[in-house]
Amino acid sequence: MRFSTLLRKELRECLPWMLLAAIAFLAVGGFFLRAEAYYENIRHYSRLSPGTAVDHYRLTYYSILNVTGPWLFCLSIGLGLVLGIRQFWIPNFTRTWPFLLHRSVSRKTILAAKLTATLIAFVISIGPVWVGFYWYACRQEVFPIPPTFRVFIEGWIFIMLGLVAYLGTALSGLSTAKWYTTKIFGLAFATVIIVTTLSQWTLVGIFTVIAISVAILLSLIFDSFLRREF
């Protein structure tokens, strides 16, 4: 079985959750974005007197996309948890690992197909909706003060945190230890990384923390998957 065949299989299994996340983000986020764009314009400009000087920070201290941030964060984390459970926990419960592993393909190829499918799922489900929201907020006829590019990057950081949650869920699912020992390490580590990332103020610090955590989780996942006796 080739990598492309495995990838299509994993994408088919991810498709319902991809669609659910995209539709939920588009519906709820779009509703709040439209409402906030309308009412914030009224509130913001009603506080400005004609002919008075306006400090720059008063125009940029608040982004209209802030209303979609919590929803994007929660959906990204939720999608990561669901896909991690679907790919690495459900086969344990249904005892279908032997059926998958006994095919004429290496374990590295199987794991690579799962990871690639999840990356694609995030990029083509939540990602395009976030890009659309940013484009909408940048239209001057809708909102005269566009969001900064940093806001756009922060949205993708939330999406990357969903991938961190996915990797932590996958690692815990592959562990054969008991819950009261080290099985929870993957989820606990991902939680610590997410909290640490949210406490960072600089983009360099954020990307550094995410890159290191992803490298650690991926190395542990590959080691567990290649060594485990299913």
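Computed from a prediction, not measured in an experiment: that's the story for all the values here.

Asker: Please provide a residue-by-residue account of the packing of aromatic side chains, values included.
Answerer: Per the stated rule, a full pass over the model turns up 11 aromatic pairs. For the ring pair Trp 97 and Phe 225, a centre distance of 5.6 Å and an interplane angle of 65 degrees mean the geometry is edge-to-face. Of this pair, Trp 97 sits in helix α4 (residues 97–101) while Phe 225 sits in helix α8 (residues 203–227), and the two are 128 residues apart along the sequence. One exposure class covers both Trp 97 and Phe 225, and it is buried. Considering the side-chain rings of Phe 152 and Trp 156, the 6.5 Å spacing of their centres and the 70 degrees angle between planes classify their relative orientation as edge-to-face. Pair noted here: Phe 152 and Trp 156 are both in helix α6 (residues 149–174), with a separation of four residues, about one helical turn. You can call Trp 156 partly exposed: its relative accessible area is 24%. Aromatic ring contacts, followed pair by pair, group Phe 88, Trp 97, Tyr 166 and Phe 225 into a single cluster.

Asker: Tell me about the pattern of salt bridges, and please be specific about residues and values.
Answerer: According to the stated counting rule, one finds six salt bridges in the structure shown. The closest approach of N and O atoms between Arg 86 and Glu 13, which form a salt bridge, is 3.7 Å. Placement of the pair is Arg 86 in helix α3 (residues 69–94) and Glu 13 in helix α1 (residues 3–46), with a sequence separation of 73 residues. The exposure class of Arg 86 is partly exposed, given its relative accessible area of 28%. Here the salt bridges do not stand alone but share partners, grouping Lys 9, Glu 10, Glu 13, Arg 86 and Lys 114 into one network.

Asker: Could you give me a rundown of the environment of Thr 176, with the residues and numbers involved?
Answerer: As for its placement among the helices and strands, Thr 176 is situated in the loop between α6 and α7 (185–198). Relative accessible area serves as the criterion here: at 63%, Thr 176 is assigned to the exposed category. Each C-alpha atom of the pair Thr 176 and Phe 230 lies 9.5 Å from the other, and the pair is 54 residues apart in sequence.

Asker: Break down the nonpolar core for me, citing the residues and quoting the values.
Answerer: Phe 25, Leu 65, Phe 88 and Ile 126 are the most contacted members of the largest nonpolar core, which has 59 residues in total. Contributing elements (two or more residues each) for this core: α1, α3, α4, α5 (107–137), α6, α7 and α8. Contact partners of Phe 25, with chain neighbours within four places excluded, come to Gly 30, Thr 68, Trp 71, Leu 72, Leu 75, Ile 126, Val 129, Trp 130 and Phe 133.

Reading guide: rules and limits
- Residues numbered from 1 in each chain as written.
- Predicted model: local features only at pLDDT ≥ 70, side-chain atom pairs only at ≥ 80, totals over all residues.
- Heavy atoms only, no water.
- Phe/Tyr/Trp six-rings, centres within 6.5 Å; stacked < 30°, edge-to-face > 60°.
- Helix = DSSP H or I, 4+ residues; strand = E, 2+ residues; numbered from the N terminus.
- Buried < 20%, exposed > 50% of the residue type's maximum accessible area, 1.4 Å probe, protein only.
- Salt bridge = Lys/Arg side-chain N within 4 Å of Asp/Glu carboxyl O.
- Core = buried A, V, L, I, M, F, W, Y, C linked by side-chain atoms within 4.5 Å.
- Contact = heavy atoms within 4.5 Å.

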